Amino acid sequence: MAASPPDNPADRGWSLRFLRNALLWLAPVWLVWTLLTPAYNRFLLGATENLLHLFESPDVTDLARHPSSRHEAYIVRRDFPPKRSLVRQLRVTDLHFHFVLLGSLFLAVPGLPWRKRLENFGLACLATVFFDLLLFAVWVKSVYATQLGDWSLAHYGPAARNLYGLAKHLLDLPFKLALPLLLWAGFYLGMLLGEPPPPPSPAARIQGTSRRKR
Amino acid sequence: MRRREITFLVLFVLLLGGSFALISYGWVNDHVIEPFTGLVAKTSGAVLNLLGQDVRMHGTILRGPRFAVNIRNGCNGVEAMLIFLSAVLAFPARWSSRLIGLVLGIVAIQLVNLIRVVALFLTGAYFPRFFDASHTVVWQTVVILFSVLLWIVWARRFAAPPEPAS
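Keep in mind the model is a prediction, meaning the values are calculated, not measured. (Residues numbered from 1 in each chain as written. Chains lettered and ligands numbered in written order. Predicted model: local features only at pLDDT ≥ 70, side-chain atom pairs only at ≥ 80, totals over all residues.)

A word on helix α3 (residues 78-90) of chain B
Link 1 in the chain: Between the first and last C-alpha of α3(B) there are 18 Å, a value that for 13 residues agrees with the 18 Å anticipated at 1.5 Å per step.
Link 2 in the chain: Counting buried positions along α3(B) yields 12 of 13 residues, so the element is predominantly enclosed.
Link 3 in the chain: Looking only at α3(B), the buried set comprises V78(B), E79(B), A80(B), M81(B), L82(B), I83(B), F84(B), L85(B), S86(B), A87(B), V88(B) and A90(B).
Link 4 in the chain: Contact partners of the buried residues in α3(B): α5 (158-193) of chain A together with α1 (3-23), α2 (26-50), α4 (95-126) and α5 (131-158) of chain B. (Helix = DSSP H or I, 4+ residues; strand = E, 2+ residues; numbered from the N terminus. Expected span 1.5 Å × (residues − 1). Buried ≥ 20, exposed ≤ 12 C-beta atoms within 10 Å, placed from the backbone. Contact = placed C-beta atoms within 7 Å.)

Here's the deal with unusual backbone geometry
For residues besides glycine, phi is generally negative; the peptide bonds are generally trans as well.
Link 1 in the chain: Backbone torsion omega between S57(A) and P58(A) reads -5°, so that peptide bond is classified as cis.
Link 2 in the chain: Unlike most non-glycine residues, D54(B) shows phi in positive territory, near 50°.
Link 3 in the chain: With respect to the secondary-structure elements, D54(B) resides in the loop between α2 and β1 (56-58).

So, the packing of helix α2 (residues 98-107) of chain A against helix α3 (residues 114-146) of chain A
All names here are of chain A.
Link 1 in the chain: One way to put it is that α2 packs onto α3 with a least axis distance of 9 Å and a crossing angle of 160°. Here α2 is positioned roughly antiparallel relative to α3, judged by the angle of their axes. As α2 packs across α3, the resulting crossing turns out to be right-handed. From α2, H98, F99, L102, F106 and L107 reach across to α3, where they touch R117, N120, F121, A124, C125 and T128.
Link 2 in the chain: Taken together, the residues of the contact of α2 with α3 sort by class into 7 nonpolar, 3 polar and 1 charged. (Axes fitted to C-alpha atoms, helices over the stretch in contact; angles between N-to-C directions. Parallel < 35°, antiparallel > 145°, perpendicular 65-115°, else oblique. Left-handed = near helix turned anticlockwise from the far one by under 90°. Nonpolar A, V, L, I, M, F, W, Y, C, P; charged D, E, K, R; others polar.)

What follows is the structure in structure tokens.
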């Protein structure tokens with residue numbers, strides 16, 4: 001099947017098709033996200049733990065899976081007495097439900113060849129994975145800086161406590177929720193602005209020419 | 001990426017970060033966000049009473065015979081409103097178009113948020129085991145997706161024409 005050409009930005013039906021596509025994609029994307037969540041939670045726990053260890057000496061933070069829930073995890077500090085070593089329980093799944101928004105928005109763009117749609121979605125997913133790692137690491141550090149009472153006061157100054165608190169507030173609410181929109185705008189804002197699509201790269205032009213020759 | 005796209009992205013991030021930093025200040029939270037959340041609770045309580053739930057309201061708390069809920073930041077629609085507001089203000093359009101977008105968008109987002117609060121209360125009352133997932137994942141996604149789609153439709157309709165190439 002031939003790929004359809006990019007839409008004319010002046011096409012009035014574009015918005016309606018985009019809305020329809022976004023709503024139609026919501027359920028399948030949700031299903032895939034639900035199925036992948038346990039594996040992604042395990043990846044986030046391991047990768048964030050390694051990221052935190054880069055800034056710890058000795059390594060004291062463990063991010064442990066909850067024994068009976070695929071969504072929950074514990075922040076464990078090995079340098080705390082055993083009775084207090086489980087410092088916080090958190091719901092890891094809540095960190096990354098923005099993938100549902102991301103998938104619905106990126107797969108809904110009408111009139112774009114599927115290959116390009118998936119390529120852009122893949123890049124956006126990669127950026128989102130890095131964001132999730134940063135969010136999780138800041139989440140853990142904000143727990144250390146602001147939620148462990150006397151221990152937090154003894155180990156983090158007022159500036160650090162405010163910085164980690166604000167960073168967690170900004171990353172966990174506005175930027176986690178707005179990230180799909182931000183990434184979508186990064187790829188597709190030109191379509192809303194009515195600008196012509198950028199010319200293909202020289203490599204793509206050469207590939208296209210040789211294909212036509214064949 | 002062209003200049004107008006970069007300008008939009010930078011402005012959007014600055015407005016979003018600035019507005020959320022502003023509402024995290026204690027004074028703004030106590031004098032603007034809390035009363036607004038109280039209003040959301042009152043309206044939601046009124047709708048739930050219309051649905052025969054016999055709900056009593058205490059500030060931001062809704063208490064019924066089967067379930068009680070405290071409406072806090074995250075459930076008052078302010079996040080979705082600020083994302084929408086930042087995107088509308090950052091987008092190149094006429095000020096009159098922005099004003100229309102903001103007024104209609106904020107009203108629409110609050111209507112969807114009202115449906116969210118009422119639906120969550122009913123979920124907690126009748127299907128309590130689905131409440132957590134509905135609260136944190138399902139309805140947050142729905143409300144944010146709604147505001148993003150609203151912005152895309154508005155932007156598509158009201159975008160300023162592209163600057164002529166020099």
